[in-house]
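This is what each chain is made of:
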Amino acid sequence: MTISILPRVRRGLGGMTLAAAAMGAWAGTASAAAQPLRVCFLYSNPIGESGWTYQHELARKELAAAMGDKITTRYVENIAEGPDAERVIRNFVQDGCQLVFTPSFGFMEPTMKVARTAPKVIFMNGSGYKTAANVGVYNARYYEGRYLEGVIAGHMSKTGVVGYVGAFPIPEVLQGVNAFAQGMRSVNPKAQLRLIWVNAWYDPGKERDAANALVKLGVDTMAYATSGVSIVTTGEEKGVYTLGYYSDMSKFGPRTNLTSVVQTWGSYYIQVVQDVLAGRWKPGNVMGGMREGMITLAPLNPAIPADVREKVAKMGQDIAQGRLDPFAGPVLDQEGKVRVPAGQTISAADLANMNYLVQGVEGLLPKP
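Here goes a summary of the coordinates provided.

## Thoughts on the pattern of salt bridges
And then number 1: Counted under the stated rule, the structure contains 17 salt bridges.
And then number 2: Lys 113 is the partner of Glu 86 in a salt bridge, and the nearest nitrogen-oxygen pair spans 3.6 Å. Highlighted residues: Glu 86 in helix 3 (residues 83-94) and Lys 113 in helix 4 (residues 108-115), separated in sequence by 27 residues.
And then number 3: For Glu 86, a relative accessible area of 18% gives the class buried.
And then number 4: Classification of Lys 113 by relative accessible area gives partly exposed; the value is 40%.
And then number 5: Note that Arg 280 is salt-bridged to Asp 275, the shortest N-O span being 2.6 Å.
And then number 6: On the basis of relative accessibility, which here comes to 47%, the residue Arg 280 falls in the partly exposed class.
And then number 7: According to the relative accessible area criterion, Asp 275 is buried, its value standing at 17%.

Right under this line is the structure:
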């Protein structure tokens, strides 16, 4: 087994990434006869101890351990979406990477651009939607876990005023906000979700400022769509419940973090690599969720009453088995327009293009 781990990439003068320095050489010497598949990963944030990038890095390690000397892996972390990403992806190709994972919506266009010039390389873009003959995409139904977090918030909030820190107003994030609100109001129809946008996936300062602003607005429970730990640590400091995202956040808020929506990518990455090695890989759009094990809830905080814990466990099973849909109608938006009629569930197209906030959400969508 040959695994190469590159040092963290920092931005140089003028904010430009020195991608060439980041690439480095493959660690070790792979057997020419074995011809291991070279698998490369591009991360938009620092790996850290939790969050989106951290979960993908755990999956890379799981992949490397499972595949042994059939593959070699490498990664570059903390790369801005845009020209820097395109430069690093091109360097991956030039350095012999045969399968490239780019898990970020903002990496979609750079991935597509490079893929057109490297038809023999397979690219997998996480959370995007554009495909090609050598480009597949993958994502998850994060909103399934968000709905369950909303149910917990509806039970645990004493004031019925809950806060939510949004990253970017893309469909994936709106699905999470709206599913959370739907779950919360299924318990308490009068509950309100106060939403603040930070327009960043990872910005500890903005995240902390947003959390403090929500506490001043009177929330006693908070959720978020960003990748840092500031919201959970702020909740712990202020005695405000939090519902985490990406990773199990309990170590950052042992008293107040109620649970987290945890993303698990290892099994999927192993399957993709096995398909590539077997010559059966095909481009497509994969969407996993609780049924597939891509989404789970971290262990619930003991502060949650036993009956609520049992209810959430049953609802999780129902979602996984298709008996419960977080967007089963009626679903109304902030203006009272019916988005999903009673007796129906949201269509795949409407879900993928979600561009509204549901009733119960206090906040606005940023203008384009």
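On we go.
## A short note on helix 7 (residues 204-216)
And then number 1: Here helix 7 contains 13 residues, and its C-alpha end-to-end distance of 18 Å stays within 8% of the 18 Å for a straight helix at 1.5 Å per residue.
And then number 2: All of the buried residues along helix 7 are Glu 207, Ala 210, Ala 211 and Leu 214. Angularly, the buried residues of helix 7 cover 100° about the axis, an arc narrow enough to put them on a single face. Of the exposed residues in helix 7, those oriented more than 90 degrees away from the buried face are Asp 209 and Lys 216.
And then number 3: The inward-facing, buried residues of helix 7 abut strand 7 (161-166), strand 8 (192-197), strand 9 (221-224) and helix 8 (230-238).
And then number 4: Of the residues trailing helix 7, Gly 218 is marked for its positive phi of about 100°.

Rules used in this analysis
Residues numbered from 1 in each chain as written. Predicted model: local features only at pLDDT ≥ 70, side-chain atom pairs only at ≥ 80, totals over all residues. Heavy atoms only, no water. Salt bridge = Lys/Arg side-chain N within 4 Å of Asp/Glu carboxyl O. Helix = DSSP H or I, 4+ residues; strand = E, 2+ residues; numbered from the N terminus. Buried < 20%, exposed > 50% of the residue type's maximum accessible area, 1.4 Å probe, protein only. Expected span 1.5 Å × (residues − 1). Arc of directions from axis to C-beta. Contact = heavy atoms within 4.5 Å.

Structural measurements only, silent on function.
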